[in-house]
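# Chain and residue survey
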Amino acid sequence: MDLKDLYRDVILDHNKRPRNFGTLPPPAHEARGHNPLCGDQLTVYVELDGDVIRDLRFEGKGCAISVASASLMSEAVKGRSRADANALYEQVHDLLTRQDAPSPPSLGKLAALQGVREFPARVKCASLCWHTLNAALEGGVAPVSTE
Amino acid sequence: MAVAPRLAPPLDLERLRADFPILQQRVHGKPLVYLDNGASAQRPRAVLDAERRYGEQFHANVHRGVHWLSQQATDLFEGARERVRRFLNARSTKEIVFTRGTTESINLVAQSWGGVNLRPGDEIVISWLEHHANIVPWQLACERTGARLRVVPIDRRGELDLDAYRASLGERTRLVAMSHVSNALGTVMPVREIVAAARARGVPVLLDGAQAVPHLRVDVQALDCDFYAFSGHKLYGPTGIGVLYGREALLEAMPPWQGGGDMIRTVSFEGSTWNDLPYKFEAGTPNMTGAIGLAAAMDYVDGIGLERIGAWEHELLEYATAKLQAVPGLTIVGQARDKASLVSFVMDGVHPHDLGTILDQDGIAIRTGHHCAMPVMTFFDVPATARASFAFYNTRAEIDRLVAALHGAREMFG
């Protein structure tokens, strides 16, 4: 295991300068996510145009993995349909948890999260934003927790 | 020009470290630097041997059999209770209840004592820096009884506001429950003042000593507290064993909290009668291995001397504080004037969780998170901190490695 494998330049960059950081006013959907283990807190705002995610913002406090993952996610799902976003999440989930998971080109920059699977304690950090996005899309009101 | 004297360590660290098999290993290819003692301390060979010897030679159930092994086990178990009594300078072994740990000890008091002593509108006084184990049991007791929690504030240094504490004691105060030493900040609480003010009003005091017993001499008679709770595994002993010290008169008046074997005198379907102290509070087969291991840990600690341990840990604390303060962007959270040997800190631009992973790759174990003290995190407006907590077996060289790794983290996150 090499730290540079976890903290790749893309991750460090998105942690330092998160993209789409901020809020969206109603009627954008919003959901809160919480990782009680490390205190990460995240709110995801999604603006839908029919079935398409027209805009997405997030805000919160978290470790580099959770912030970078949310930032990368925001770039990746903007402009996509909900079904596409779900499919992407499945790929990311595999990437984070399966040693033999492929890294298909469709992942784009999200592939930078590959190193996380070598650090099992950090998988939840990377997946929190996706769970929260899912909750926002479902229109749930209860905060999402990784526990 | 004066030359600063080179202080020789007052402890033979090399010899002491050799007592701890786990400290000899490498983690991620680097010699282990274990700085998570506040979460759980490591066990010396003397403790591991005592646990194994009990299993290999003396184990049987206690307080029951007439056979030889049962008598051996009972003698060892009750010997451990006497060892704990001596460690705390309690008056009697009747005042020493074995539990699973600090958390269970506090829950025992909250349920048993709280159940018969709390009425709607009564108040329990705690502080802002408590561990969840000294908050939640009282919240549950309040829900059951209609009593209320009063929380005494702390200041930016992480010290208790004593004036606010005294002002919080009133007609409805039924109990004061406070940490002896804060696990998240290291603050050594002004327990003499806390107890004196409560006692002047006839209010009993429970002290959560989980973080105190490994670092300083605890004498329950000198403290004059009514309950004192701690865990074995923070005192170089086994997990799953802890102690509740209770003043005999209070324990005597409290009902049992769990029913079962060992805690009864007679059982019939019309009703049952309770065993004497402390067995009234020890339903079921106890953790004999744990108690015997804990006694061995107390022998070990007393063999070194808590005063020497405290002195060396204080040197480590001062050394670490100075070195950490010099790391750019690092802020120490909790700067009480009287502190046990731990340092909680945050670093600009690097989340504690990332620090934890980065240090781990260097073989350095620290705790990151909210330390089961979420209100403390809220007070200092941080989501989490990194915490290095030192034991007597830690060295200055280990602190140097911590500091070097922190510089590395800072560089990586630029």
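Read on for an overview of the structure. (Residues numbered from 1 in each chain as written. Chains lettered and ligands numbered in written order. Predicted model: local features only at pLDDT ≥ 70, side-chain atom pairs only at ≥ 80, totals over all residues. Heavy atoms only, no water.)

## Some remarks on the interface of chain A and chain B
Between chain A and chain B, the residue contacts involve 22 residues of the former and 16 residues of the latter. Here chain A packs against chain B, burying approximately 1,500 Å² in sum over the two surfaces, 61% of which is carbon and sulfur. Its salt-bridge partner being aspartate 381 of chain B, residue lysine 61 of chain A comes within 3.8 Å of it at the nearest N-O pair. Remark: the boundary between chain A and chain B carries 6 residue pairs in polar contact (both at pLDDT 80 or more). Looking at the side of chain A that touches chain B, the elements that each hand over two or more residues are helix 1 (3-6), helix 2 (9-16) and helix 3 (64-77) of chain A. Here the residues of the side of chain A that touches chain B are counted per class, giving 14 nonpolar, 3 polar and 5 charged. (Contact = heavy atoms within 4.5 Å. Buried area = accessible area lost by both parts, 1.4 Å probe. Salt bridge = Lys/Arg side-chain N within 4 Å of Asp/Glu carboxyl O. Polar contact = N/O pair within 3.5 Å; in protein donor to acceptor, adjacent residues only side chain to side chain. Helix = DSSP H or I, 4+ residues; strand = E, 2+ residues; numbered from the N terminus. Nonpolar A, V, L, I, M, F, W, Y, C, P; charged D, E, K, R; others polar.)

## Focus: the packing of aromatic side chains
Per the stated rule, a full pass over the model turns up 14 aromatic pairs over all chains. For the cation-ring pair, arginine 217 of chain B lies above phenylalanine 87 of chain B, with the distance from its terminal atom to the ring centre recorded as 5.5 Å. (Phe/Tyr/Trp six-rings, centres within 6.5 Å; stacked < 30°, edge-to-face > 60°. Lys NZ or Arg CZ within 6 Å of the ring centre and 35° of its normal.)

## A closer look at the packing of helix 12 (residues 352-361) of chain B against helix 14 (residues 396-413) of chain B
Residues and elements named next belong to chain B. Across the interface, helix 12 lies against helix 14 with an axial gap of 10 Å and an inter-helix angle of 120°. With respect to their mutual orientation, helix 12 and helix 14 come out oblique. Where helix 12 crosses over helix 14, the handedness of that crossing is right-handed. Of the residues in helix 14, those in contact with Asp354, Leu355, Ile358 and Leu359 of helix 12 are Leu402, Ala405, Leu406, Ala409, Met412 and Phe413. Classifying every residue of the contact of helix 12 with helix 14 by side-chain character gives 9 nonpolar, no polar and 1 charged. (Axes fitted to C-alpha atoms, helices over the stretch in contact; angles between N-to-C directions. Parallel < 35°, antiparallel > 145°, perpendicular 65-115°, else oblique. Left-handed = near helix turned anticlockwise from the far one by under 90°.)

## Let's talk about the pairing of strand 7 (residues 173-179) of chain B
Residue and element names in this part refer to chain B. Burial analysis of strand 7 places 6 of its 7 residues in the buried class, which makes it a mostly covered element. In this structure, strand 5 (residues 123-127) lies alongside strand 7, joined through 3 bridges in parallel fashion. Counted as the bridge partner of glutamate 123 is threonine 173 from strand 7. In this sheet, strand 8 (residues 205-208) lies alongside strand 7 in parallel orientation, the contact comprising 4 bridges. Considered in strand 8, the bridge of alanine 177 is made with leucine 206. Note that the unit made of strand 7, helix 7 (residues 191-200) and strand 8 has a crossover that is right-handed. (Buried < 20%, exposed > 50% of the residue type's maximum accessible area, 1.4 Å probe, protein only. Pairing = 2+ DSSP bridges. Right-handed = clockwise from strand over helix to strand, strands pointing away.)

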